[in-house]
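Observations on the three-dimensional arrangement
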Amino acid sequence: MLTFEKKLPAQVKELHTMLRDVCAEPSWKWLSQALHSIEDASFSQSANAAAINKTCSALLITSAAAKRELGSSPVVIYGQSPTWHSHDIGRLLLLQQFKHCLFRLQQEQWSHSLLKVYRRFGEDEKALLLRSLSLLGGAELLPIALDASRTNDEALYATLALNNPYPGTHFP
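Residues numbered from 1 in each chain as written. Predicted model: local features only at pLDDT ≥ 70, side-chain atom pairs only at ≥ 80, totals over all residues. Heavy atoms only, no water.

Here the focus is the packing of helix H2 (residues 25–42) against helix H3 (residues 48–70). Running from N to C, H2 and H3 cross one another at 170°; their axes reach a closest spacing of 7 Å. What the angle tells us is that H2 and H3 run roughly antiparallel. Contacts from Ser27, Trp30, Leu31, Ala34, Ser37, Ile38, Ala41 and Ser42 of H2 reach H3 at Ala51, Lys54, Thr55, Ala58, Leu59, Thr62, Ala65, Ala66, Glu69 and Leu70. The class makeup of the residues in the contact of H2 with H3 is 11 nonpolar, 5 polar and 2 charged. (Axes fitted to C-alpha atoms, helices over the stretch in contact; angles between N-to-C directions. Helix = DSSP H or I, 4+ residues; strand = E, 2+ residues; numbered from the N terminus. Parallel < 35°, antiparallel > 145°, perpendicular 65-115°, else oblique. Contact = heavy atoms within 4.5 Å. Nonpolar A, V, L, I, M, F, W, Y, C, P; charged D, E, K, R; others polar.)

A few words on the pattern of salt bridges. The final tally for this structure, using the stated rule, is 6 salt bridges. A salt bridge links Glu25 to Arg20; the shortest N-O distance between them is 2.9 Å. The salt bridge partner of Asp88 is Arg131, with a shortest N-O separation of 3.1 Å. In this pair, Asp88 sits in helix H4 (residues 86–105) while Arg131 sits in helix H6 (residues 123–131), placing the two residues 43 residues apart along the sequence. A residue is classified by how much of its surface remains accessible, and Arg131, at 23% relative accessible area, is partly exposed. (Salt bridge = Lys/Arg side-chain N within 4 Å of Asp/Glu carboxyl O. Buried < 20%, exposed > 50% of the residue type's maximum accessible area, 1.4 Å probe, protein only.)

We now examine the nonpolar core. Counting residues in each nonpolar core, the largest one holds 53 residues, and the members touching the most others are Leu31, Leu129, Leu133 and Ile144. Once you skip the residues sitting within four places of it in the chain, Leu133 turns out to touch Leu141, Ile144, Ala145, Leu160 and Tyr166. (Core = buried A, V, L, I, M, F, W, Y, C linked by side-chain atoms within 4.5 Å.)

A few words on the packing of helix H1 (residues 10–22) against H2. Where H1 contacts H2, the axes come no closer than 8 Å and their chain directions differ by 140°. It follows from the interaxial angle that H1 and H2 lie oblique. Across the interface between the two elements, His16, Leu19 and Arg20 from H1 touch Glu25, Trp28 and Leu31 from H2. A breakdown of the residues in the contact of H1 with H2 according to their chemical character gives 3 nonpolar, 1 polar and 2 charged.

What follows is about the packing of aromatic side chains. Under the definition given, this model contains 0 aromatic pairs. The ring of Phe43 carries the charged tip of Arg104 above its face, separated from the ring centre by 3.9 Å. Across the ring face of Trp84, the terminal group of Arg131 is positioned such that the distance to the ring centre comes to 4.5 Å. (Phe/Tyr/Trp six-rings, centres within 6.5 Å; stacked < 30°, edge-to-face > 60°. Lys NZ or Arg CZ within 6 Å of the ring centre and 35° of its normal.)

Written out as structure tokens, the structure reads:
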């Protein structure tokens, strides 16, 4: 068990278990290495800002490779639609690791770094982050949700607006 797994919310722990059930051993090994690479980047010997940038870069690199490495096996979660895929759950775990590491580096500003990363994500990564806002945090993630609400991409907007508890809970 990785150190960050001890602090996962209950729902994410369940997703972690579901992913373990559908992942082949090489995919699971890749995910473990990806999680470690994010953690290692946050322990940089350089200044805090450089460590934050390295951690952001590690998240971007590992998230981009997640679909290729973890595949797209469907994982039905509580009968929800749309179905989550193995790479979605893997990316959520990467985001949780990112949160854990940045929270340690800059507790009050981690969400600002996540917003910067969000803006560099591809469309499917953005959609996953929006679906996961309630699992990742609370009101501190409002700038990401507000940024997404101004998109011209109908699919991305729908991810935020439909069947997502975050806006109803946190939008002003």
